[in-house]
Amino acid sequence: MAVPADRAPGFAGPGTGWSAPDPMASVTTAHRIARNLREGLSGTGVKAAARDLRRLLRARAVVLTGLSGEWVQAGTPNDPRGAANLIDKVLHTETRHGRPPLTAVPLHSSAELVGVLLVSGRVSVSAVSRAGDWIEDSLERGRLESTAQQAARSELRALRSEISPHFVYNALTVIGSLIRSDPDRCRELVLDFADFIRYGLARNREYATVSDEFHAIETYLALQRAVLGSRLRVQIRVAPDVLAVSVPYLVLQPLVENAVRHGIQPAFVGEADGSGLVQVSGEAAGSDLVISVEDDGVGMDPADAEEILAGRGSENSVGLANVDRRLRSIYGAWYGLVVETARGAGTKVIFRVPMFQPGVVPR
């Protein structure tokens, strides 16, 4: 007769008796199992997860296997050949097979079979099934985290690819026009352009310092001022105590570019002597870093701003939506962009992030 999991003897062997498990130790173990299964059944943490499962279930052995059939086990099943046959049956039928002392259940993620859990020992079928459900939840959470990370990387690649060809053409044209008339100024702009391109197209970089981000926008605005002349006015203020704070890479430049392209430049149309102001600031507010980008340009309907942040704007406005999603995915739902705007009243984009966030480190 099968002995319920909560009455099974411990690992020390027969005759050691039963003692009530520490609830917090069980919770800690379950959390560790979930963490070790983030990369799936072929990840580096599967072996550790199998050991913890064995300990949690007080089983003789635990086997985890993916669709490849390769075993990752803790302990040795009492009947290895029978265990192999049982796993094969589960892989082919996607249903539970066996009963104590040898039970195997299928593991699914997104309604698809991904592997098998086999438990050897005096562990009830219901306990094995619950363990299988826990593993499935852990695998699904890991899959969702991976998907979110892939989406964030895709959005970062999209931001890298958003360097406007029109801006590049205009910048190079201005630089070319200065080769003879002002070679020193030409050299400065060439170096600014090289810095801008190098930073904007850097690979394998997820985070940067506030100092790096502000240097990048200063370079971008220097090139824009070379193109637009006195029509573009710029004010940049950043507190020295936030320069070393880590932020997502390329989080600031799309906001500044949006202010110039969609706020200031449209205001020039039909005005020969028109000009516009872009103000960028960064400062500490308690334990948060607050950055704002403001322009006195044409502004927009607040309803249009909502559509843009929801990802339903035009193809020329995906930068704001991408930055907003990246901030929320890294710091949480409360940390997105705040847009203050109205038609004819300019636009102010604000975001705040924690000054110190685990895992957010410039590379």
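Heads up: the structure comes first, above all this text.
Residues numbered from 1 in each chain as written. Predicted model: local features only at pLDDT ≥ 70, side-chain atom pairs only at ≥ 80, totals over all residues. Heavy atoms only, no water.

## Here we look at the pairing of strand β2 (residues 71-74)
Relative to β2, strand β1 (residues 61-66) runs antiparallel, the two sharing four bridges. By the bridge assignment for β2, V62 is matched with A74. The turn linking β1 back onto β2 is made up of four residues, and G69 within it adopts a positive phi angle of 85°. (Pairing = 2+ DSSP bridges. Helix = DSSP H or I, 4+ residues; strand = E, 2+ residues; numbered from the N terminus.)

## Comments concerning the sheet that holds strand β10 (residues 288-295)
Taken in spatial order, the five strands line up as β7-β9-β10-β12-β11 in an open sheet, and their pairing is mixed. Strands at the two margins of the open sheet, each flanked by one partner only, are β7 (232-238) and β11 (338-341). Shown here is a sheet whose adjacent strand axes are inclined to one another by a mean of 10°, direction ignored. Pairing of β10 with strand β12 (residues 347-354), which is carried by eight bridges, proceeds in the antiparallel orientation. Following the sheet pairing, V290 is matched in β12 by R352. Running at roughly 170° to β7, helix α7 (residues 210-228) makes contact with β7, β9 (276-285) and β10 of the sheet. Its contacts with the sheet place helix α8 (residues 253-268) against β7, β9, β10 and β12, and it is angled at close to 155° to β9. (Axes fitted to C-alpha atoms, helices over the stretch in contact; angles between N-to-C directions. Contact = heavy atoms within 4.5 Å.)

## With respect to helix α9 (residues 302-309)
You can read the cap of α9 off the contacts: a side-chain oxygen lies 2.8 Å from the backbone nitrogen of A303, and it is on D301. Downstream of α9 by a residue or two, G311 has a phi angle that is positive, lying close to 85°. (Polar contact = N/O pair within 3.5 Å; in protein donor to acceptor, adjacent residues only side chain to side chain.)

## Here's the deal with the packing of helix α6 (residues 183-200) against α7
At a closest axis distance of 9 Å, the pairing of α6 and α7 adopts a crossing angle of 135°. Judged by the inter-axis angle, α6 sits oblique to α7. For α6 against α7, the interelement crossing comes out left-handed. Of the residues in α7, those touching α6 at R185, L189, D192, F193, D195, F196 and Y199 are D212, E213, H215, A216, T219, Y220, A222, L223 and A226. Along the lines of polarity and charge, the residues of the contact of α6 with α7 split into nine nonpolar, two polar and five charged. (Parallel < 35°, antiparallel > 145°, perpendicular 65-115°, else oblique. Left-handed = near helix turned anticlockwise from the far one by under 90°. Nonpolar A, V, L, I, M, F, W, Y, C, P; charged D, E, K, R; others polar.)

## A word on unusual backbone geometry
In this chain, P100 is followed by P101 through a cis amide linkage whose omega measures 15°. Within the secondary structure layout, P101 lies in the loop between β3 (97-99) and β4 (102-109). The phi dihedral of R58 is positive, around 55°, even though this residue is not glycine. Secondary-structure assignment places R58 in the loop between α2 (46-57) and β1.

## A word on the pattern of salt bridges
Tallying each qualifying case throughout the model produces eight salt bridges. Across the pair D304 and R343 runs a salt bridge, and its minimum N-O distance is 3.3 Å. Taken as a pair, D304 in helix α9 and R343 in the loop between β11 and β12 lie far apart in primary sequence, 39 residues in all. Accessibility expressed as a relative area gives 60% for R343, which makes it exposed. By sharing partners, the salt bridges in this structure join R32, D52 and R55 into a single network. (Salt bridge = Lys/Arg side-chain N within 4 Å of Asp/Glu carboxyl O. Buried < 20%, exposed > 50% of the residue type's maximum accessible area, 1.4 Å probe, protein only.)

## Here's the deal with the environment of L37
Mapped onto the secondary structure, L37 falls in the loop between α1 (23-36) and α2. With relative accessibility at 0%, the residue L37 sits in the buried group. In this structure, the C-alpha to C-alpha distance between L37 and A49, residues 12 residues apart in sequence, is 6.8 Å.

## Overview of α6
Helix length check: α6, at 18 residues, gives a terminal C-alpha distance of 25 Å against a target of 26 Å (1.5 Å per residue), a fit within 8%. Regarding α6, the residues found buried are C186, L189, D192, F193, F196, Y199 and G200. Buried residues of α6, viewed axially, fall in a sector of 160°; they line one side. Turned more than 90 degrees off the buried face of α6, the exposed positions are D184, R187 and R198. (Expected span 1.5 Å × (residues − 1). Arc of directions from axis to C-beta.)

## Here we look at the environment of R122
Looking at the secondary structure, you find R122 in the loop between β5 (112-120) and α4 (125-160). For R122, a relative accessible area of 46% gives the class partly exposed. For the pair R122 and R60, spaced 62 residues apart in sequence, the C-alpha separation works out to 7.8 Å.

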